[in-house]
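# Fold and geometry: a report
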2 protein chains.
Amino acid sequence: MTDPAGPEATPTPVTSAAVARRAGVSRATVSYVLNGQAAGRVGARTQARVRAAAEELGYVPHAAARSLRAGRGRIVLLAAPADAVPAFGPLFADFLAGFQTALHHLGYTGVLHGAPAASPLAAARDWAELRPAAVLALHGPPLDAAAVELLKRSGTAAVLTTGPQAPPGAHALLLDQREAGLRAGAHLLAAGRRRIGVVLPADPRLAAFAEPRLAGVRDAAAAHPGAEVRPLVLARTEESATRLAARWPALGLDAVFAYNDEYAMLLLRALQDAGRAVGAAPGRIAVVGADDLLLARLLRPRLTTVRAETAAPDRIAHLVDALIRDPSAPPAAHRLGTFHLVPRESA
Amino acid sequence: MTDPAGPEATPTPVTSAAVARRAGVSRATVSYVLNGQAAGRVGARTQARVRAAAEELGYVPHAAARSLRAGRGRIVLLAAPADAVPAFGPLFADFLAGFQTALHHLGYTGVLHGAPAASPLAAARDWAELRPAAVLALHGPPLDAAAVELLKRSGTAAVLTTGPQAPPGAHALLLDQREAGLRAGAHLLAAGRRRIGVVLPADPRLAAFAEPRLAGVRDAAAAHPGAEVRPLVLARTEESATRLAARWPALGLDAVFAYNDEYAMLLLRALQDAGRAVGAAPGRIAVVGADDLLLARLLRPRLTTVRAETAAPDRIAHLVDALIRDPSAPPAAHRLGTFHLVPRESA
DNA sequence: CGACCGAAGTTACACGTGTAAGTCGTCGAG
DNA sequence: CTCGACGACTTACACGTGTAACTTCGGTCG
């Protein structure tokens with residue numbers, strides 16, 4: 001477009017050498033100028049000439065060459081195995097957008113990789129090919145020690161993991177799911193409920209999130225003599241919800257905490273279809289969901305839910321940056337956020 | 001872990017040279033063996049030795065070095081600007097998972113990049129740094145000719161774009177949104193409806209999807225004398241839906257096609273709250289959604305919706321592969337899938 | 001017996017970048 | 001006038017790969 005040699009005449013790649021030729025300087029000078037290391041090395045006029053040449057040619061540095069030279073690149077890899085897809089949602093999308101933006105401002109390229117792998121080690125191998133500065137393993141099968149070691153040996157400065165337990169050498173990003181259960185349980189118990197069902201998704205890939213939530217409800221119940229907690233398994237289908245609702249009389253529960261607003265909605269609807277009343281009033285079944293999705297406000301009764309107040313994505317990005325700059329920092333657990341209850345009509 | 005020199009004693013990176021030393025061969029031999037070019041060049045015993053050495057050392061090729069040498073890498077970049085996040089959803093997550101898996105089997109690394117950019121050209125520059133084999137621009141502001149040219153000059157073999165119009169030089173991945181409107185409109189008209197509202201999201205970033213859907217309804221209506229189509233703007237909030245429902249009597253519509261199941265749900269709920277009956281029966285307001293989300297089945301009445309039958313992600317992956325192998329293929333539009341109607345209770 | 005050939009490897013270069021170390025005037029101080 | 005210091009660059013090397021071109025060597029054929 002701004003190419004003076006004509007539109008089709010230049011299949012030659014635009015390298016820093018091309019910029020150097022055009023500006024009439026050496027390649028090293030170009031590198032110094034374009035990386036801001038020119039103070040006291042290159043004169044102002046020359047700098048301007050280099051910048052102009054780069055602009056005119058549409059020069060883009062070759063990230064591969066750069067990371068080859070530097071040993072590691074400026075890529076931050078967000079690894080979320082395709083297996084863990086159910087975890088995607090509006091919350092995750094928002095997080096992703098904010099995080100990548102923040103990384104971009106810090107000079108990194110945040111990138112999401114979702115291909116599934118046969119084993120943690122195989123996954124680590126795939127990731128290591130890109131020689132990322134940091135790897136943030138979001139969900140899926142936890143990394144093991146061997147995987148972390150492989151990443152570190154291939155130059156990854158920081159390995160972070162979500163979930164309660166991080167393998168040796170990796171940092172943990174902690175969003176204590178127990179707290180979600182704790183908040184929901186406390187709310188229900190304060191309202192006088194004593195026989196609480198906890199809906200767990202049938203999908204085993206979500207167990208890592210669901211189990212601690214159940215444990216949290218149990219913790220809350222421990223303080224109340226006579227309180228009882230009952231796990232209930234539910235698949236993400238209408239049929240499964242209908243079956244569970246049919247069993248309801250035998251269960252004798254007066255409250256439920258569902259894994260998710262979606263699961264809450266499934267069960268709530270099935271209970272209503274089976275002729276049982278849902279709501280906060282005594283005698284009705286109290287239902288609490290989680291994640292505060294849009295649909296929670298559209299249900300009738302409106303869904304009481306537990307919501308994560310996540311740390312701003314920027315803060316996580318800065319944390320990652322700090323860990324990259326100081327790779328020797330001892331692995332630690334970093335708290336990601338807290339849960340609180342959003343009371344509405346259903347409990 | 002399998003490192004004989006001890007756990008902490010090897011900060012030295014594992015390169016193909018290390019593998020070569022260990023196997024007692026030259027580096028070139030390692031390269032030939034590990035890339036499957038060894039037929040007729042390297043003996044079986046030597047191949048086995050090389051493979052064993054690579055395994056023991058945990059060798060991972062350096063993608064940067066590889067793409068430096070090859071001119072371009074094996075990365076396929078899925079560009080979905082953070083601005084376009086509302087487009088994320090279960091559908092997109094499923095697509096992403098399948099697509100990345102398929103690419104993985106073809107030897108590519110599919111990667112999602114979501115950082116926003118000031119301009120198409122700036123975005124292209126960010127992407128070009130990674131020297132991807134192909135770029136698949138999913139949503140957001142359309143690429144312009146300059147951006148495509150920059151990518152191609154930096155070695156990108158194929159540039160694909162969703163949406164109706166692709167800039168010169170780029171291939172178009174076409175999911176004709178008009179068809180969604182066409183199907184919904186035809187269904188409503190066949191049921192005798194003549195005054196059809198079309199809900200458009202207030203978010204301007206979704207206009208690229210919404211406008212063609214509206215056009216589709218108009219096309220359907222053109223065949224029916226007396227049919228009228230009325231665009232309605234709705235934000236993704238309860239308040240907005242309530243306001244729209246309040247205006248309903250003045251509008252005098254007997255049917256609605258909503259941009260999305262979520263928007264349909266918002267409006268449906270607001271209409272019900274305002275005391276208006278929704279359903280397929282004459283006299284009720286007919287509502288058709290889109291995308292067939294889980295919530296469509298959980299609403300009462302159950303939501304009639306339009307669903308995209310997308311081409312399998314594998315097929316798209318293979319298309320991308322073909323375009324990378326033959327970069328000279330003239331830009332064309334590739335049809336991605338078709339829409340069909342899922343009749344339920346609301347229309 | 002010499003020429004030729006194929007198998008089995010090896011040598012050597014290129015890819016684009018960052019940066020330490022070197023060069024070459026010029027200017028100021030002694 | 002000499003010498004060192006300094007500004008403004010350039011030279012040269014390293015990073016880890018892939019692959020074309022070359023070597024070496026045992027065997028075959030004319």
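Residues numbered from 1 in each chain as written. Chains lettered and ligands numbered in written order. Predicted model: local features only at pLDDT ≥ 70, side-chain atom pairs only at ≥ 80, totals over all residues. Heavy atoms only, no water.

Trans peptide bonds make up most of the peptide bonds, and negative phi angles are found at most residues other than glycine. Residue and element names in this part refer to chain A. For the bond running from R300 to P301, omega is -5°, close enough to zero to count as cis. Among the secondary structure elements, P301 is positioned in the loop between α13 (294-298) and β10 (304-310). The phi angle at D292 is positive, at roughly 50°, despite the residue not being glycine. Mapped onto the elements, D292 comes out in the loop between β9 (286-290) and α13. For D292, a relative accessible area of 10% translates into the label buried. (Helix = DSSP H or I, 4+ residues; strand = E, 2+ residues; numbered from the N terminus. Buried < 20%, exposed > 50% of the residue type's maximum accessible area, 1.4 Å probe, protein only.)

Taken as a whole, this structure holds 4 aromatic pairs over all chains when the rule is applied. Ring centres of Y259 of chain B and Y263 of chain B lie 5.8 Å apart, and the angle between their planes is 80°; this geometry places the pair in the edge-to-face category. Assigned by exposure class, Y259 of chain B and Y263 of chain B land together as buried. When the ring centre of Y108 of chain A is taken as reference, the NZ or CZ atom of R74 of chain A above it lies at 4.2 Å. (Phe/Tyr/Trp six-rings, centres within 6.5 Å; stacked < 30°, edge-to-face > 60°. Lys NZ or Arg CZ within 6 Å of the ring centre and 35° of its normal.)

Superposing chain A onto chain B requires a rotation of 180° together with a translation of 0.0 Å along the rotation axis, leaving an RMSD of 0.2 Å. With respect to symmetry, the two chain copies, as superposed, fit the operation of a two-fold axis. It is A64 of chain A whose C-alpha, among those of chain A, lies nearest the rotation axis, at 2.1 Å. In this assembly, 100% of the residues forming the interface of chain A have copies in chain B that are likewise at the interface, indicating an isologous arrangement. (Least-squares fit on C-alpha atoms with pLDDT ≥ 70 in both. Contact = heavy atoms within 4.5 Å.)

If you look at the interface, chain A gives 60 residues, while chain B gives 61 residues. Taken together, both faces of the contact between chain A and chain B bury some 5,600 Å²; the carbon and sulfur share is 61%. On the chain A side of the interface with chain B, the three residues burying the most area are V60, R153 and L298 of chain A, jointly 12% of the side's total. The interface formed by chain A and chain B contains 4 salt bridges. R300 of chain B serves as the salt-bridge partner of D273 of chain A, at 2.7 Å between the closest nitrogen and oxygen. Our enumeration of links across chain A and chain B arrives at 16 residue pairs in polar contact (both at pLDDT 80 or more). Secondary-structure elements contributing two or more residues to the side of chain A that touches chain B are α4 (63-70), α5 (90-105), β2 (109-113), α6 (120-128), α7 (145-153), α12 (261-273) and α13 of chain A. Here the element with the most residues in the side of chain A that touches chain B is α5 of chain A; it accounts for 7 residues. A class-by-class count of the residues in the side of chain A that touches chain B yields 32 nonpolar, 12 polar and 16 charged. (Buried area = accessible area lost by both parts, 1.4 Å probe. Salt bridge = Lys/Arg side-chain N within 4 Å of Asp/Glu carboxyl O. Polar contact = N/O pair within 3.5 Å; in protein donor to acceptor, adjacent residues only side chain to side chain. Nonpolar A, V, L, I, M, F, W, Y, C, P; charged D, E, K, R; others polar.)

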